[in-house]
Amino acid sequence: MKFSKKLITWYLQNKRSMPWRKTTDPYRIWLSEIILQQTRVAQGLPYYLSFTETFPTVFDLANANEEQVLKLWQGLGYYSRARNLHATAKYVANDLNGVFPDTYIGLLKLKGVGDYTASAIASICYKEAVPVVDGNVYRVLSRYFGIETPINSTEGVKEFKKLAISLMDHDEPADYNQAIMEFGALQCKPKNPYCIVCPLNDSCESQKNGKVTVLPVKLKKLKIKKRYFNYIVLLINNSQTIIQQRVGNGIWKGLYEFPLIENETIDITKITSDTTIKNIIEDKNHEIVPYNEDPIIHKLSHQHLYTKFYIIRLDAIGVISKNQKLIDYKDIKTYPVPILLGNFIDSFFEETVVSE
DNA sequence: AAATCGGGGTT
DNA sequence: AACCCAGATTT
């Protein structure tokens, strides 16, 4: 039996039930694919449910404001996905009358839709025979064919894409693409794959030569940068605080945070250029109370953030910087914030401030 | 071609 | 602690 047919047979017997497998509506398939980029099904599922509940159609999503979209995305990470999601929804709703492109090439033009996602939508919604090559596919193909080319090298990407095209099932593109991914996720797992009961083990190259555990080959990762964040949490008249939105490129673009002093070490040794905060800190009438003695280490893919929060109580505030917002504590949960800040807000504002 | 962008689960 | 996840975009 053909490679693709074996996988489809396995898939029909072993696939998990998931809400996006009950539709071919391109809006919902697109939504699920963006949410699931670099994200496990278990983590993305609740977000898919809340997005489809809040925004049943592409027009509902298009009519939302970006902050509302970011708020619903909060905690999922890679926030450019949310911004691109919103931009594409507006484009499809306003310029395409709510109709998604129906080809791989057309889908590729959408913001946030790359080779993988265009292939996924085109195959699942329109039965176009274009192969998906995600992390699961790299693993399955590298092991089955014994390919040691690094999957994240330029040659590897081209080699695996070419191989995937040659293996594509032209009768059932939707089932085949989902089959090979599901097979990678459940059977041909990264660690301790179920080779003994694998339906492909009699023809698997790495199974023959004992290289299952070393495949796929991946170029080693970058080194992690340490950053030191000091957040200034103002408690103004015991009812208000100041937040600001992150702008420019970098982590958490579009999300809100407290005024931040970033340093080369964990101590506040650097004077901030923010005159509002600078004046408050230098005013000896205001006591600066550290919230946490040891820094909270928030780990991102490329950065470790050593974070301290400082609480400053004051009766009133004068003019604030243009990028800052003076808000009531009770409204802080309506703003999209990084998980690092969300955790702090949960513990501090709920237990310390509100209970007073 | 390499770096960047999150947060969480698994081993 | 290292690796990975239904990758895309920027530098």
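As annotated in an unreviewed UniProt entry, chain A carries the name Adenine DNA glycosylase and comes from Aquimarina aggregata. Per its UniProt entry, chain A bears the Function (unreviewed entry) comment "Adenine glycosylase active on G-A mispairs. MutY also corrects error-prone DNA synthesis past GO lesions which are due to the oxidatively damaged form of guanine: 7,8-dihydro-8-oxoguanine (8-oxo-dGTP)." Recorded in UniProt for chain A, the comment headed Catalytic activity (unreviewed entry) runs: "Hydrolyzes free adenine bases from 7,8-dihydro-8-oxoguanine:adenine mismatched double-stranded DNA, leaving an apurinic site."

Observations regarding the domain arrangement of chain A
One widely used convention gives an interface's size as the accessible area the parts lose upon coming together. You can read the domains of chain A as domain 1 (3–214) and domain 2 (225–353). Computed from C-alpha coordinates alone, the two centres of domain 1 and domain 2 are separated by 37 Å. Counting the surface lost from both domain 1 and domain 2, the interface buries some 880 Å², and carbon and sulfur atoms represent 56% of this. Where domain 1 touches domain 2, the interface holds five residue pairs in polar contact (both at pLDDT 80 or more). If you tally residues by element for the side of domain 1 that touches domain 2, the top one is helix 5 (residues 66–73), at three residues. Looking at the side of domain 1 that touches domain 2, its residues break down into three nonpolar, two polar and three charged.

Details of the protein's contact with DNA strand B
In the region of DNA strand B, 24 residues are neighbours, and Thr-154, Ile-251, Trp-252, His-298 and Ser-301 sit closest. Within 4 Å of the protein, atoms of DNA strand B come from sugar and phosphate in 54% of cases. Measuring from a base nitrogen of DNA strand B, one finds a side-chain N or O atom of Gln-43 at 3.3 Å. Of the residues belonging to the surface near DNA strand B, the class tally is nine nonpolar, eleven polar and four charged.

Looking at the UniProt feature "domain: HhH-GPD" (unreviewed entry) in chain A
The sites that UniProt annotates as "domain: HhH-GPD" (unreviewed entry) are residues 35–186. Regarding residues 35–186, the helix share stands at 66% and the strand share at 0%, and the terminal C-alpha atoms are separated by 20 Å.

So, a nonpolar patch on the surface
A contiguous nonpolar surface patch, about 370 Å² in accessible area, is contributed by Tyr-194, Ile-196 and Val-197. Along the chain, Ile-196 turns up in the loop between helix 11 (173–186) and helix 12 (205–209).

With respect to the pattern of salt bridges
Applying the stated criterion across every chain, the model contains 13 salt bridges. A single salt-bridge network, built from bridges that share partners, covers Lys-5, Asp-169, Asp-171 and Glu-172.

A look at the protein's contact with DNA strand C
Residues in close proximity to DNA strand C total 26 residues, the closest being Leu-36, Arg-40, Gly-112, Thr-117 and Arg-139. Here, DNA strand C places atoms within 4 Å of the protein, and 67% of those atoms are sugar or phosphate. Arg-21 is positioned such that a nitrogen or oxygen atom in its side chain is 3.1 Å from a base nitrogen of DNA strand C. At 2.5 Å from a phosphate oxygen of DNA strand C is found a side-chain nitrogen or oxygen belonging to Arg-139.

Structural notes on the nonpolar core
Trp-30, Phe-258 and Phe-349 are the most contacted members of the largest nonpolar core, which has 63 residues in total. Each of domain 1 (3–214) and domain 2 (225–353) accounts for three or more of the residues forming this core. In this structure, Phe-3, Tyr-11, Ile-147 and Ile-180 belong to the second largest nonpolar core, which totals 29 residues.

Section: the pairing of strand 6 (residues 296–299)
As judged from the four bridges shared by strand 6 and strand 7 (residues 303–314), these two strands associate in the antiparallel manner. Looking at strand 7, one finds that His-298 is bridged to Leu-305. From the end of strand 6 to the start of strand 7, which pair antiparallel, there are three residues.

Examining the packing of helix 2 (residues 26–35) against helix 6 (residues 80–95)
Viewed as axis vectors pointing N to C, helix 2 and helix 6 meet at an angle of 160°, and their least axial separation amounts to 10 Å. Judged on the interaxial angle alone, helix 6 and helix 2 are roughly antiparallel. Like other packed secondary-structure pairs, helix 2 and helix 6 cross with a definite hand, here right-handed. Taking contact as the criterion, the partners of Trp-30, Leu-31, Ile-34 and Ile-35 in helix 2 are, on helix 6, Arg-81, Leu-85, Thr-88 and Ala-89. A per-class count over the contact of helix 2 with helix 6 returns six nonpolar, one polar and one charged.

The rules behind each value
- Residues numbered from 1 in each chain as written.
- Chains lettered and ligands numbered in written order.
- Predicted model: local features only at pLDDT ≥ 70, side-chain atom pairs only at ≥ 80, totals over all residues.
- Heavy atoms only, no water.
- UniProt positions renumbered as here; feature names shortened; annotations may be inferred.
- Domains from an automatic or database assignment.
- Buried area = accessible area lost by both parts, 1.4 Å probe.
- Polar contact = N/O pair within 3.5 Å; in protein donor to acceptor, adjacent residues only side chain to side chain.
- Helix = DSSP H or I, 4+ residues; strand = E, 2+ residues; numbered from the N terminus.
- Nonpolar A, V, L, I, M, F, W, Y, C, P; charged D, E, K, R; others polar.
- Near = heavy atom within 4 Å.
- Patch = residues over 30% accessible without salt bridge, like charges linked within 9 Å, V, L, I, M, F, W, Y side chains within 5 Å.
- Areas by Shrake-Rupley, 256 points an atom, 1.4 Å probe, with all protein chains shown as cover.
- Salt bridge = Lys/Arg side-chain N within 4 Å of Asp/Glu carboxyl O.
- Core = buried A, V, L, I, M, F, W, Y, C linked by side-chain atoms within 4.5 Å.
- Buried < 20%, exposed > 50% of the residue type's maximum accessible area, 1.4 Å probe, protein only.
- Pairing = 2+ DSSP bridges.
- Axes fitted to C-alpha atoms, helices over the stretch in contact; angles between N-to-C directions.
- Parallel < 35°, antiparallel > 145°, perpendicular 65-115°, else oblique.
- Left-handed = near helix turned anticlockwise from the far one by under 90°.
- Contact = heavy atoms within 4.5 Å.

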